[in-house]
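Letter by letter, the chains look like this.
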Amino acid sequence: MVACQELRSSRLFLKLLEAVLKTGNRMNDGTFRGQAQAFKLDTLLKLSDVKGIDGKTTLLHFVVLEIIRSEGIRAARVARESKSFSRFKSEDLTEDPSNETEYFRTLGLQVVSGLSSGLENVKKAAIIDVDHLTSTVSNLGHSLLKSRDFLRKDMSNLEEDSDFHRSLASFVERAEVGFTALLEEENRIMGIVRSTVDYFHGHSGKEEGLRLFGIVRDFLKIVDKVCDEVSKSTIKPTKSQKIEAPTVSPTPEAQQSSLQEMRQKLFPVIAERRMDSSSGSASSSDDDSPSS
């Protein structure tokens, strides 16, 4: 099933899950929940309910901003290494360290905003009513049994060489072959779905059907909304605006310190756990610092 493969192979989606897991472990450090190896995907829909001490910024905002930052650094690094900047406008490129953070944020926002479009088949699978589909297949099976019983019992007195008898017998024979293939395909697809559910949820032994795709679809809607809010909050000065630049431009290290201070004010528990953690960030270490 294409949707299953799409979901399991999405690097950005898996990175988001990793960031959520690490963030949750930092918040629950010192408790029995602080060493979690996985979590139910239903948790993704609750991230926007957890707010920072400012009462506005949600935990999902925090995680998405972290991913935007690391993906921006990653995109800039790949662009530098490939020497291909065709995707980005030349005026976005700058050697001014004071604009570097905003530059990474712009690149990262483009990447994260594309997550939803990269999981189109997952969203399509979420629309399928698996109960109705299963019921339809079951009804087809019952109808086929009735046709076969009618052929063997009610038509037993008719001559087998009659046109109607031959037509009905041929139909039942072909229908049985087709229905058997349909059942095998249904079992194959649902087996892939169960394997995908186990991949993300572990071997819970609970039959969830296509519910997984509905959860991911709803989560993608929330992520799109957060990206839209981040985009609107990014104010780019126009040429007519006068920008008062400081005598000495802040270094990237000073900007990073300022960002960490902001995060600590919003989610102090996470910031404290981050400083104590050897892993150091919600994303992979090779994405956390730009390369020149």
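This is a predicted model, so every value here is computed, not measured.

Draft legend 1. Structural view of the overall build of the protein. Per the secondary structure count, the protein includes 10 helices and 0 strands. Ordered by position from N to C terminus, the α and β elements of the protein give α-α-α-α-α-α-α-α-α-α. For the protein, with 292 residues in total, the buried portion stands at 33%. Contacts spanning at least 24 positions in sequence make up 77% of the contacts within the protein whose residues lie at least 6 apart.

Draft legend 2. Summary view of the side chain of His 61. Summarising the element assignment, His 61 is placed in helix H3 (residues 59–82). Of the residues examined, His 61 reaches a relative accessible area of 18% and is grouped as buried. At 2.7 Å, the side chain of His 61 forms a polar contact with the side chain of Thr 58.

Draft legend 3. Highlighting the packing of helix H2 (residues 11–27) against H3. Running from amino to carboxyl end, H2 crosses H3 at an angle of 130°, the nearest separation of the two axes being 10 Å. With respect to their mutual orientation, H2 and H3 come out oblique. Both H2 and H3 take part in a crossing whose hand is right-handed. On the side of H2, the interface is formed by Arg 11, Leu 12, Lys 15, Leu 16, Ala 19, Val 20, Thr 23 and Met 27, while H3 contributes Leu 59, Phe 62, Val 63, Ile 67, Ser 70, Glu 71 and Arg 74. Its residues assigned to classes, the contact of H2 with H3 comprises 9 nonpolar, 2 polar and 4 charged.

Draft legend 4. Expanded view of helix H6 (residues 130–154). Its 25 residues give H6 an end-to-end C-alpha distance of 35 Å, which sits within 8% of 36 Å, the value for a rise of 1.5 Å per residue. Among the structural elements, helix H7 (163–201) are those in contact with the buried residues of H6.

Draft legend 5. Local environment of the environment of His 165. Relative to the helices and strands, His 165 resides in helix H7. A C-alpha to C-alpha distance of 7.5 Å links His 165 and Met 155, two positions 10 residues apart in sequence.

Draft legend 6. Up close: the pattern of salt bridges. Counted by the stated rule, this structure contains 11 salt bridges. With its nearest N and O atoms 3.1 Å apart, the salt bridge here joins Lys 123 to Glu 120. Residue Lys 123 and its partner Glu 120 are located together in helix H5 (residues 120–127), separated by 3 residues, close to a single helical turn. Residue class for Lys 123 comes out partly exposed when judged on its relative accessible area of 21%. Residues Lys 232 and Asp 228 are paired through a salt bridge, measuring 3.3 Å at the closest nitrogen-oxygen approach. Separated by 4 residues within a single helix, Lys 232 and Asp 228 lie in helix H8 (residues 211–233), roughly one turn from each other. Among the charged side chains, a salt-bridge network with shared partners connects Arg 11, Lys 15 and Glu 71.

Draft legend 7. Quick look at the environment of Phe 39. You can see Phe 39 is positioned in the loop between H2 and H3. Take Phe 39: its relative accessible area is 19%, and that puts it in the buried class. Discounting chain neighbours no more than four positions away, the residues touching Phe 39 are Leu 17, Val 20, Leu 21, Leu 44, Phe 200 and His 201.

Draft legend 8. How the structure looks around the nonpolar core. Residues Leu 7, Phe 13, Leu 41, Leu 44, Phe 213 and Val 216 are the most contacted members of the largest nonpolar core, which totals 43 residues. Considering each element in turn, this core owes the most residues, 10 residues, to H8. Filtering out sequence-adjacent residues up to four positions away, Phe 213 remains in contact with Met 1, Ala 3, Cys 4, Leu 7, Val 122, Ala 125, Ala 126 and Val 193. Core analysis: the second largest hydrophobic core is formed by 7 residues, Val 137, Met 155, Leu 168 and Val 172 among them.

Draft legend 9. Structural view of the packing of aromatic side chains. Counted under the stated rule, the structure contains 3 aromatic pairs. Their ring planes at 70° and their centres at 6.0 Å tell us that Phe 13 and Phe 200 sit as a pair that is edge-to-face. Placement of the pair is Phe 13 in helix H2 and Phe 200 in helix H7, with a sequence separation of 187 residues. Residue classification places Phe 200 among the buried residues on the basis of a relative accessible area of 8%. Here Tyr 103 and Phe 104 contribute two aromatic rings whose centre-to-centre distance is 5.9 Å and whose plane-to-plane angle is 35°, an arrangement assigned as tilted. A residue is classified by how much of its surface remains accessible, and Tyr 103, at 10% relative accessible area, is buried. Through a chain of ring-to-ring contacts, three or more aromatic side chains come together here, namely Phe 13, Tyr 199 and Phe 200. Here the guanidinium or amino end of Arg 8 rests over the ring plane of Tyr 199, the centre of that ring lying 4.2 Å away.

Rules behind the numbers
Residues numbered from 1 in each chain as written. Predicted model: local features only at pLDDT ≥ 70, side-chain atom pairs only at ≥ 80, totals over all residues. Heavy atoms only, no water. Helix = DSSP H or I, 4+ residues; strand = E, 2+ residues; numbered from the N terminus. Buried < 20%, exposed > 50% of the residue type's maximum accessible area, 1.4 Å probe, protein only. Contact = heavy atoms within 4.5 Å. Polar contact = N/O pair within 3.5 Å; in protein donor to acceptor, adjacent residues only side chain to side chain. Axes fitted to C-alpha atoms, helices over the stretch in contact; angles between N-to-C directions. Parallel < 35°, antiparallel > 145°, perpendicular 65-115°, else oblique. Left-handed = near helix turned anticlockwise from the far one by under 90°. Nonpolar A, V, L, I, M, F, W, Y, C, P; charged D, E, K, R; others polar. Expected span 1.5 Å × (residues − 1). Salt bridge = Lys/Arg side-chain N within 4 Å of Asp/Glu carboxyl O. Core = buried A, V, L, I, M, F, W, Y, C linked by side-chain atoms within 4.5 Å. Phe/Tyr/Trp six-rings, centres within 6.5 Å; stacked < 30°, edge-to-face > 60°. Lys NZ or Arg CZ within 6 Å of the ring centre and 35° of its normal.

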